[in-house]
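Coordinates in review
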Amino acid sequence: MNVSKLQCGDKCLDLSRVQVMGILNVTPDSFSDGGSYHDDGRLVAEKALHRAARMVEEGAGIIDIGGESTRPGADPVSVQEELDRVLPAVELIRRELDVVISIDSSTPEVFTEAAALGAGLLNDVRALARDGAPEAVAATGLPVCLMHMQGNTPADMQLAPHYDDVLEEVSDFLKQRVDACVRAGIARERLILDPGFGFGKTLEHNLCLLNRMEALHELGLPLLVGTSRKSMVGQALDRPVDQRLYGSLATAVLAVTKGAHIIRVHDVAATVDAVRMTEAVLRESKGEVV
Ligand code: 8Y4
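Just so we're clear, the structure is a prediction, and the values are computed from it rather than from any experiment.

**Points about helix H2 (residues 79-96)**
One turn of an α-helix holds 3.6 residues; hence residues three or four places apart share an orientation. Between its terminal C-alpha atoms H2 stretches 26 Å, which fits the 26 Å expected from 18 residues at 1.5 Å a residue. The complete set of buried residues in H2 reads Glu 82, Leu 83, Arg 85, Val 86, Leu 87, Ala 89, Val 90, Leu 92 and Ile 93.

**Let's talk about empty space enclosed by the protein**
To find leftover empty space, a probe the size of one water molecule is rolled over the atoms. Under the criterion given, the structure shown has one cavity of 30 Å³ or more. Approximately 50 Å³ is the volume attributed to the largest cavity. In this structure, the largest cavity is lined by Thr 227, Ser 228, Leu 245, Ser 248, Leu 249, Thr 251, Ala 252, Arg 264, Val 265, Asp 267 and Thr 271. Those elements giving two or more residues to the lining of the largest cavity turn out to be helix H8 (245-257) and strand S10 (262-265). The element that contributes the greatest number of residues to the lining of the largest cavity is H8, accounting for five residues.

**A look at the packing of helix H5 (residues 166-183) against helix H6 (residues 203-211)**
Contact pair H5 / H6: the axes reach a minimum separation of 9 Å and the direction vectors enclose 70°. The angle between H5 and H6 falls in the class roughly perpendicular. Taken together, the residues of H6 that come into contact with H5 (itself represented by Val 166, Leu 167 and Val 170) are His 205, Cys 208 and Leu 209. Split by residue class, the contact of H5 with H6 holds five nonpolar, one polar and no charged.

**Notes on unusual backbone geometry**
A positive phi angle, near 55°, is found at Ala 127, a position not held by glycine. With respect to the helices and strands, the residue Ala 127 is situated in the loop between strand S6 (121-124) and helix H4 (133-140). A relative accessible area of 0% means that Ala 127 is categorised as buried. With phi around 60°, Leu 128 is a residue other than glycine that occupies positive phi space. For Leu 128, the location among the structural elements is in the loop between S6 and H4.

**Regarding the packing of helix H3 (residues 108-116) against H4**
As a packed pair, H3 and H4 sit with axes 8 Å apart at the nearest point and diverge in direction by 10°. On the basis of the axis angle, H3 is roughly parallel to H4. For the pair H3 and H4, the contacting residues are Pro 108, Phe 111, Thr 112 and Ala 115 in the first and Ala 133, Ala 136, Val 137 and Thr 140 in the second. For the contact of H3 with H4, the residue count by class is six nonpolar, two polar and no charged.

Definitions and cut-offs
- Residues numbered from 1 in each chain as written.
- Predicted model: local features only at pLDDT ≥ 70, side-chain atom pairs only at ≥ 80, totals over all residues.
- Heavy atoms only, no water.
- Helix = DSSP H or I, 4+ residues; strand = E, 2+ residues; numbered from the N terminus.
- Expected span 1.5 Å × (residues − 1).
- Buried < 20%, exposed > 50% of the residue type's maximum accessible area, 1.4 Å probe, protein only.
- 1 Å grid on protein atoms, 1.4 Å probe; cavity = no way out; pocket = protein on both sides within 12 Å on 5 of 7 lines; lining within 4 Å.
- Points joined across faces, edges and corners; volume = space filled by probe spheres on them.
- Axes fitted to C-alpha atoms, helices over the stretch in contact; angles between N-to-C directions.
- Parallel < 35°, antiparallel > 145°, perpendicular 65-115°, else oblique.
- Contact = heavy atoms within 4.5 Å.
- Nonpolar A, V, L, I, M, F, W, Y, C, P; charged D, E, K, R; others polar.

Listed below in structure tokens is the structure:
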């Protein structure tokens, strides 16, 4: 594909190699190891930096920072609360690490403020559906990942997922969001697409999307895949969330063979090895030496 370099603020992301995106949650529950650190934004940011530094050492090219839990049933977060969670971590990681900072949010104010602090990529599971989101993203000049979700909110999306043709419906949705974003002034070259594994999909829908993901290349944009530790792995293997690493690696390898450009994961070191090995094999079939 003709998308080898993506400008992410002042950093350039090389998409001719698969990039591993490390997940960094800055929600209070993700730091609840007995202390009350979540009451102090500075300590949360320091812990976030520590985790981010480790993921960068392990080979992550992107750190995806999220301050709103998208888990079904999670409490909604105010804009101010989300800003208070995300911005100190962005500022500290930006100062200390050489990595692209991605912002997992749907909130226009968060996009704007995080971009001003040096975030390089925006990641919205609601595909910029909120009022003012496309315009706010356009003003940042940053690339953005548009994800498919069936249902309006992560809270209700898993109630009864239904599709006549999941691949076609995901593809049509993403096409419409691409058009809306371009109309709002976001350059097409700055868009990344994501089928949204687990967001309003049954196990069968998720397996079908992973099998047939190549079809999404017709849109001509880079693809991001997030299956790490998700229930599709849990259901296929009958494993609880803390025993889904090997199954998650299998999905990462499959996504790379189907042309994914960015893999969003919790377990960076293991995924980087699996991805690099997969790329080594794929490169041989293209007759390349390195
Ligand atoms: C265990 C831990 C099991 C976390 C499930 C989960 C995606 C995403 C999420 C994705 C993009 C999650 C923010 C859901 N998933 N962004 N975000 N693509 N672009 N659940 O698939 O990780 S959060």
